[in-house]
Amino acid sequence: MSIVVTGATGQLGRLIVQHLIADGVAPGEIVATGRRVERLADLSERGVRVVESDYSRPETLVEAFAGATTLMLVSGSEVGQRTPQHRNAIEAAKTAGVQRIVYTSVLHADRSTLPVAPEHVETEALLRDSGLAITLLRNGWYTENYLGDLAQAARSGAIVAAVGDGRVASAARDDYAAAAAKVLSTEGHEGAVYELTGDTAWTFDELAAAATEVLGRPVEYRSVTIDEHRAALEAAGLDAGTIGFVLTMDETTANGALAEVTGDLPALIGRPTTPLVDALRAAQA
Ligand SMILES: NC(=O)c1ccc[n+]([C@@H]2O[C@H](COP(=O)([O-])OP(=O)(O)OC[C@H]3O[C@@H](n4cnc5c(N)ncnc54)[C@H](OP(=O)(O)O)[C@@H]3O)[C@@H](O)[C@H]2O)c1
């Protein structure tokens, strides 16, 4: 068995490699890949094979995947480029003789209203058409996505958002990585679609309470309208693209699209997901 992990130079991929080793996979059976491989010196020293590859340069992917039985395809971060990049990775996997691909998609990709969903839907279709064994890890929102709110709270004592009483069942990036490692290193996941969320759907009042605990200062949730939030973000000097994304996420959260708790994540990792306050504290450290 040999497992190649893309995005290993990023946060989730690195954690997946670390969990694979912790779960007993021999470092020599793991290939860690990405562009900025200088970030992987410590893993290389532990015996992990490190190979540079770029989703936009198919020949580098074939080289990185050669000899692997399983590909952990961590979705790329270049939004708008991801479908062709993932197509390159899937084609390279077929050329290299990979038997199974595990892919990090998005929660309920098929009916998600999140702006990031379409590229995941397209990638899932490419995977189904590939003829290879596939497993879909439809990841929910990362708790670490709220570190910006924590920083804002540290400065101002407030978390400002137009989410009303919308809830978010986020999980720590490390929980998603633990689930990925489990699926990669154990049998019986071919064809499975896992909808992964945290165990608790928290409100922004609860986020403020967690921030209060982590920061050691009072933090309140200031609920504003979309127009008020737009004005505040413009006054803070954010660019139009970022403001659009933040406001879309406000609406998505207010509509309850991030609120579902599924139970798939604790079932895979064999323990409850990391509580909000613990995940924020760990991420901040
Ligand atoms: N569920 C969520 O809340 C959430 C939030 C953010 C992101 N995501 C998704 O989850 C993925 C992993 O998250 P993360 O936190 O680990 O993101 P990250 O730290 O930004 O890592 C992204 C990884 O993608 C790799 N990558 C990007 N473009 C590439 C290219 N052209 N060729 C090869 N590798 C490329 C990067 O490697 P190099 O730059 O070294 O090549 C890096 O290893 C993201 O890429 C994104 O698709 C999910």
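Residues numbered from 1 in each chain as written. Predicted model: local features only at pLDDT ≥ 70, side-chain atom pairs only at ≥ 80, totals over all residues. Heavy atoms only, no water.

**Q** So what's going on with the domain arrangement of the protein? Residues and values would help.
**A** Taken as a whole, the protein is organised into domain 1 (3-139) and domain 2 (140-171 + 197-260 + 274-285). A straight line from the C-alpha centre of domain 1 to that of domain 2 covers 29 Å. Opposite the nine residues of domain 1 that make contact, domain 2 presents eleven residues. Around 790 Å² of area is buried between domain 1 and domain 2 when both sides are counted, 69% of it from carbon and sulfur atoms. At the junction of domain 1 with domain 2, the criterion picks out one salt bridge. With a shortest N-O distance of 3.8 Å, R111 and E260 are connected by a salt bridge. Summed over the shared surface of domain 1 and domain 2, the number is one residue pair in polar contact (both at pLDDT 80 or more). Across the side of domain 1 that touches domain 2, the residue classes break down as four nonpolar, three polar and two charged. (Domains from an automatic or database assignment. Contact = heavy atoms within 4.5 Å. Buried area = accessible area lost by both parts, 1.4 Å probe. Salt bridge = Lys/Arg side-chain N within 4 Å of Asp/Glu carboxyl O. Polar contact = N/O pair within 3.5 Å; in protein donor to acceptor, adjacent residues only side chain to side chain. Nonpolar A, V, L, I, M, F, W, Y, C, P; charged D, E, K, R; others polar.)

**Q** Outline the site of the ligand, listing residues and values.
**A** Around the ligand, a shell composed of 23 residues is seen, among which T9, G10, L12, R35 and S75 lie nearest. Take T9: an N or O atom from its side chain is 2.5 Å from an oxygen atom of the ligand. In this structure, Y142 approaches the ligand through a main-chain N or O atom, which is 2.9 Å from an oxygen atom. Look at the ligand: alone it shows 880 Å² of surface, and the protein chains cover 86% of it. Within the residue set of the shell around the ligand, elements represented by two or more residues are α1 (11-22) and α4 (82-96). By residue class, the composition of the shell around the ligand is five nonpolar, twelve polar and six charged. Viewed by domain, the shell around the ligand spans two of them, domain 1 (3-139) and domain 2 (140-171 + 197-260 + 274-285), each represented by three or more residues. (Near = heavy atom within 4 Å. Areas by Shrake-Rupley, 256 points an atom, 1.4 Å probe, with all protein chains shown as cover. Helix = DSSP H or I, 4+ residues; strand = E, 2+ residues; numbered from the N terminus.)

**Q** Mind laying out empty space enclosed by the protein, listing which residues take part and the relevant values?
**A** Left-over empty space is what a probe sized like a water molecule reveals as it rolls over the atoms. Enumeration over the complete set of coordinates arrives at one cavity of 30 Å³ or more. When its volume is computed, the largest cavity comes out at roughly 40 Å³. Around the largest cavity sit L107, G140, W141, A169, S170, T197, L258 and E260, which together line it. A breakdown of the residues in the lining of the largest cavity according to their chemical character gives four nonpolar, three polar and one charged. (1 Å grid on protein atoms, 1.4 Å probe; cavity = no way out; pocket = protein on both sides within 12 Å on 5 of 7 lines; lining within 4 Å. Points joined across faces, edges and corners; volume = space filled by probe spheres on them.)

**Q** Lay out the packing of aromatic side chains in plain terms, naming residues and giving numbers.
**A** Inspection of the entire model under this criterion finds five aromatic pairs. Plain terms: the ring middles of Y146 and F204 are 6.1 Å apart, the flat faces sit at 85 degrees to each other, and that makes the pair edge-to-face. Here Y146 is found in the loop between β6 (133-139) and α6 (147-156), whereas its partner F204 is found in helix α8 (residues 204-215), with 58 residues between them in sequence. Each member of the pair, Y146 as well as F204, is classed as buried. Ring geometry for W202 and F204: centres 5.6 Å apart, planes at 45 degrees, overall tilted. (Phe/Tyr/Trp six-rings, centres within 6.5 Å; stacked < 30°, edge-to-face > 60°. Buried < 20%, exposed > 50% of the residue type's maximum accessible area, 1.4 Å probe, protein only.)

**Q** So what's going on with the nonpolar core? Which residues, and what values?
**A** Among the nonpolar cores identified, the biggest contains 36 residues, and V5, I16, V17, L20, M72, L137 and L196 are the most heavily contacted of them. Only β1 (3-5), α1, β2 (30-34), α7 (173-185), β9 (193-196) and α11 (264-269) provide two or more residues apiece to this core. Setting aside its immediate chain neighbours within four residues, L137 contacts M72, V102, Y103, T104, S105, A180, V183, Y194 and L196. Within the second largest apolar cluster, 27 residues are counted, among which are L150, A161, V214 and L258. (Core = buried A, V, L, I, M, F, W, Y, C linked by side-chain atoms within 4.5 Å.)

**Q** Kindly report on the sheet that holds β6, identifying the contributing residues and their values.
**A** In spatial order, the strands read β3-β2-β1-β4-β5-β6-β9; together these seven strands make up an open sheet with parallel pairing. A single partner strand is all that each edge strand has here, and the edge strands are β3 (49-52) and β9. Each strand axis lies, on average, 20 degrees off the axis of its neighbour in the sheet, ignoring direction. As defined by bridge partners, strand β5 (residues 100-106) adjoins β6 across seven bridges and the pair is classed as parallel. Its bridge partner lying in β6, Y103 is registered against L136. Each of β4 (70-73) and β5 is contacted by α4, which is oriented at about 175 degrees to β4, the strand it contacts most. (Pairing = 2+ DSSP bridges. Axes fitted to C-alpha atoms, helices over the stretch in contact; angles between N-to-C directions.)

**Q** Which residues make up the environment of A92, and what values go with them?
**A** Checked against the element boundaries, A92 lands in helix α4. With 73 residues separating them along the chain, A92 and H19 place their C-alpha atoms 25 Å apart. Apart from the residues within four sequence positions on either side, A92 is in contact with P58, L61, V62 and F65.

**Q** Now, about helix α12 (residues 276-284): what can you tell me, with residues and values included?
**A** Residues lying three or four places apart along an α-helix face the same way, a consequence of the helix completing one turn every 3.6 residues. Along α12, the residues that are buried comprise L276, V277, A279 and L280. Around the axis of α12, the buried residues are gathered within 165 degrees of arc, so they sit on the same side. Contact partners of the buried residues in α12: α6, β10 (202-203) and α8. (Arc of directions from axis to C-beta.)

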